[in-house]
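Chains, contacts and geometry: an overview
This is what each chain is made of:
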Amino acid sequence: MARGGQGLARVAVVVRAGAAPLWWLGVCAAGVGLFIPGLTGRRIGVYAGAALFLVAAAVVAAARRRRYTALARGAARAGRYDVLQDRAVTARTWRRGHRWWLLLGFLAALGANAAVPVAGGLLLAGCGAGLRLKAAWLGRLERAQEELLWVRVDWLARGGRPAGRTVKAYRGTGIAAGDAAPGGARRRTAVPGAAHRRTAALV
């Protein structure tokens, strides 16, 4: 980056990136399970899957919240020459880095239909729902602080783990910086590319 600037990715976008793939892969696997009797039968599979969905969503949504909160409190202001990564680029990087894990999870959910129909797919979908809930929680945190949270791109493992051991600190910007709203969703009115690539210290 020019003059010592860093590439920054939105924390909420990184968290949210896996939500849609996990959800839809889980729904597809669960749908296939509806046509397979399995060892336990469909009714038991559906009940077990519903329980797993709720547990997975709750666990994923609550995981490492203290770590996120601590990093958010210590967020330093983004530098003048830091470059804010596009929402689409951040999501694409996460999915590319986790594509094999997603494939393995989907195949495992499909295979689980032979034993407990639907359950594996709903477990996968629950993980996706949990990520969406966590991103929404981050959005509320950002609104409360009136500051968007960013993490250095080179600290992300395979484009993910925004609260992992390699992440030392977050950086903060104005609430209008970048092309993603608080929580990582797409802004209804997109910020022009030239504008959201500037440092948010000016935004």
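Look above for the structure.
Counting residues in hydrophobic clusters, the biggest one holds 32 residues, and the most contacted among them are Val11, Tyr68, Leu138, Leu149 and Tyr170. Contact partners of tyrosine 68, with chain neighbours within four places excluded, come to Val11, Val15, Ala63, Lys134, Trp137, Leu138, Pro162, Ala163 and Tyr170.

Once that is clear, we can look at the pattern of salt bridges. A complete count under the given rule lists three salt bridges for this structure. A salt bridge links glutamate 142 to arginine 10; the nearest nitrogen and oxygen atoms lie 2.9 Å apart. Taken together, the residues glutamate 142 in helix 7 (residues 119–145) and arginine 10 in strand 1 (residues 7–10) connect sequence positions 132 residues apart. A residue is classified by how much of its surface remains accessible, and glutamate 142, at 1% relative accessible area, is buried. On the basis of relative accessibility, which here comes to 3%, the residue arginine 10 falls in the buried class. In this structure, the salt-bridge partner of aspartate 82 is arginine 171, at a minimum N-O distance of 2.6 Å. Remark: arginine 171 occurs in strand 5 (residues 171–173) and aspartate 82 occurs in the loop between strand 2 (76–77) and strand 3 (83–84); sequence separation between them is 89 residues.

It is worth spelling out the side chain of arginine 16 at this point. Locating arginine 16 in the fold gives a position in helix 1 (residues 11–17). Contact partners of arginine 16, with chain neighbours within four places excluded, come to Arg87, Arg132, Ala135, Gly183, Gly184 and Ala185.

Okay, the environment of alanine 115 next. Secondary-structure assignment places alanine 115 in the loop between helix 6 (99–112) and helix 7. Look at alanine 115 and you get partly exposed, because its relative accessible area is 31%. Sequence-wise, alanine 115 and leucine 39 are 76 residues apart; in three dimensions their C-alpha atoms are separated by 4.8 Å.

About the thresholds
- Residues numbered from 1 in each chain as written.
- Predicted model: local features only at pLDDT ≥ 70, side-chain atom pairs only at ≥ 80, totals over all residues.
- Heavy atoms only, no water.
- Core = buried A, V, L, I, M, F, W, Y, C linked by side-chain atoms within 4.5 Å.
- Buried < 20%, exposed > 50% of the residue type's maximum accessible area, 1.4 Å probe, protein only.
- Contact = heavy atoms within 4.5 Å.
- Salt bridge = Lys/Arg side-chain N within 4 Å of Asp/Glu carboxyl O.
- Helix = DSSP H or I, 4+ residues; strand = E, 2+ residues; numbered from the N terminus.

Honestly, it's all geometry; don't read function into it.
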